[in-house]
Amino acid sequence: MATRTKRNGKSSRPSAKPKRKQALKPRKDVPSAISLLKSDHREVEHLFSQFEAATSSARKRAIVQKICDALTVHTTIEEDIFYPPARAALKRAGEDLMDEAEVEHEGIKWRIDILKRMKPEDDLYDAEVKVLSEYVKHHVKEEERELFPKLRISAFDNAGVGEKLAAGKEKMTGKPVKVEPSLLERGIEALVGPSPGTI
Ligand SMILES: [Fe+2]
Ligand SMILES: [Fe+2]
């Protein structure tokens, strides 16, 4: 319950700072936005290759469930947390790219909905998974080859947004987010010391 204090006999109100606020420690284990999103991309690619090797219906169903869950979390945190500041950082130069990314997400979510209603025994099940993987591959290529490089040379707050993405992902999955820094990040850190996440 909030504590209440009285000042000069006037009306009481919750104390603005009942005790000294503890400084928030920056979480060193939190990846930058781009590292976190790239790690998600690799995870989904891995799941699609696991599906290609799967033979039993049970295994296929389990992998597709993981793919759908991972893509749902990824598209949600991108749309809610990543795309708005990315759009703001790139301004008009990134307008078309950001619009395309959002439309591509709609396509991915539409295919996920179809897949969720299917069974591995259905005739077109494997084809649906393949088409979803192609959609995702195309979208990931655009993000990694066009969007991320543009953001790296913009005012985009890679560290700050990374922290928010990690929090959003942890909230959705209930699991802690841990991403190994990329070779590029490690190289720059070795040269100039720990960065605030501007990679
Ligand atoms: Fe992505
Ligand atoms: Fe995306």
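Criteria and thresholds
- Residues numbered from 1 in each chain as written.
- Chains lettered and ligands numbered in written order.
- Predicted model: local features only at pLDDT ≥ 70, side-chain atom pairs only at ≥ 80, totals over all residues.
- Helix = DSSP H or I, 4+ residues; strand = E, 2+ residues; numbered from the N terminus.
- Buried ≥ 20, exposed ≤ 12 C-beta atoms within 10 Å, placed from the backbone.
- Contact = placed C-beta atoms within 7 Å.
- Axes fitted to C-alpha atoms, helices over the stretch in contact; angles between N-to-C directions.
- Parallel < 35°, antiparallel > 145°, perpendicular 65-115°, else oblique.
- Left-handed = near helix turned anticlockwise from the far one by under 90°.
- Nonpolar A, V, L, I, M, F, W, Y, C, P; charged D, E, K, R; others polar.
- pLDDT = per-residue confidence, 0-100.
- Core = buried A, V, L, I, M, F, W, Y, C linked by C-beta atoms within 7 Å.
- Expected span 1.5 Å × (residues − 1).

Trainee: Go over the overall build of the protein with me, naming the residues and quoting the values.
Mentor: Along the protein, the regular secondary structure elements total six helices and two strands. When its helices and strands are written in sequence order, the protein yields β-β-α-α-α-α-α-α. The buried share of the protein, taken over its 199 residues, is 22%. Counting contacts in the protein only where the partners sit at least 6 residues apart, residues at least 24 apart contribute 70% of the total.

Trainee: Describe the packing of helix α1 (residues 33-53) against helix α2 (residues 57-90), and please don't skip the residues or the numbers.
Mentor: When two helices pack together, their arrangement is captured by the angle between the axes and the distance separating the axes. The N-to-C vectors of α1 and α2 enclose an angle of 160 degrees; their axes lie 9 Å apart at closest approach. Taken together, the axes of α1 and α2 lie roughly antiparallel to each other. Judged by the sense of rotation from one axis to the other, the crossing of α1 with α2 is left-handed. Across the interface between the two elements, A33, L37, D40, E43, V44, L47, F48, Q50 and F51 of α1 pack against K60, I63, V64, K66, I67, A70, L71, H74, E78 and F82 of α2. Its residues assigned to classes, the contact of α1 with α2 shows 12 nonpolar, two polar and five charged.

Trainee: How would you summarise the confidence of the model for the protein if you had to cite specific residues and measurements?
Mentor: Across the protein, pLDDT averages 86, with 76% of residues at or above 70. Low confidence marks residues 1-18, where pLDDT is under 50. Its contacts with residues over four positions away, or in another chain, come to nine contacts. Low pLDDT (under 50) marks residues 194-199, which in the prediction has 17 contacts with non-local residues, meaning those over four places away or in another chain.

Trainee: Describe unusual backbone geometry, listing the residues and the values that go with them.
Mentor: You will see that K91, though not glycine, has its phi angle at about 50 degrees, which is positive. By the element assignment, K91 lies in the loop between α2 and α3 (95-116). On the basis of neighbour count, K91 is assigned to the exposed category, with 10 C-beta atoms found within 10 Å.

Trainee: Please provide a residue-by-residue account of the nonpolar core, values included.
Mentor: In terms of nonpolar packing, the biggest core is built from 17 residues, with A33, L36, F82 and L165 touching the most fellow members. Listing elements by their share of this core, those giving two or more residues are α1, α2, α4 (125-152) and α5 (158-173). Contacts of L165, omitting those with residues within four sequence positions, involve A33, L36, I77, I81 and F82. F51, V64, L115 and V136 belong to the second-largest nonpolar core, a separate cluster that totals nine residues.

Trainee: Could you give an account of α5, with specific residues and numbers?
Mentor: Quick reminder: α-helices carry 3.6 residues per turn. Residues three or four places apart thus point the same way. When the terminal C-alpha atoms of α5 are compared, their 22 Å separation across 16 residues agrees well with the 22 Å that a helix rising 1.5 Å per residue should span. By the burial criterion, the buried members of α5 are N158, V161, G162, E163, L165, A166 and K169. On its buried side, α5 packs onto α1 and α2. One or two residues past the end of α5 sits G174, with phi positive at roughly 75 degrees.

Trainee: Would you mind going over the environment of Y135 in detail, with residue names and values included?
Mentor: Locating Y135 in the fold gives a position in helix α4. When the C-alpha positions of Y135 and R111 are compared, they lie 9.0 Å apart, and in sequence the two are 24 residues distant. Not counting residues up to four positions away in its chain, the partners in contact with Y135 are G107, I108 and R111.

Trainee: Give me the lowdown on the packing of α2 against α3, citing residues and values where you can.
Mentor: Contact pair α2 / α3: the axes reach a minimum separation of 11 Å and the direction vectors enclose 160 degrees. Of the possible angle classes, the one that applies to α2 and α3 is roughly antiparallel. Helix-helix and strand crossings are classified by hand; for α2 and α3 the assignment is left-handed. Between α2, through V64, C68, L71, T72, T75, E79, Y83, A86 and R87, and α3, the contact on the second element is made entirely by M98, A101, E102, H105, I108, K109, I112, L115 and K116. Residues of the contact of α2 with α3, tallied by class, amount to 10 nonpolar, three polar and five charged.

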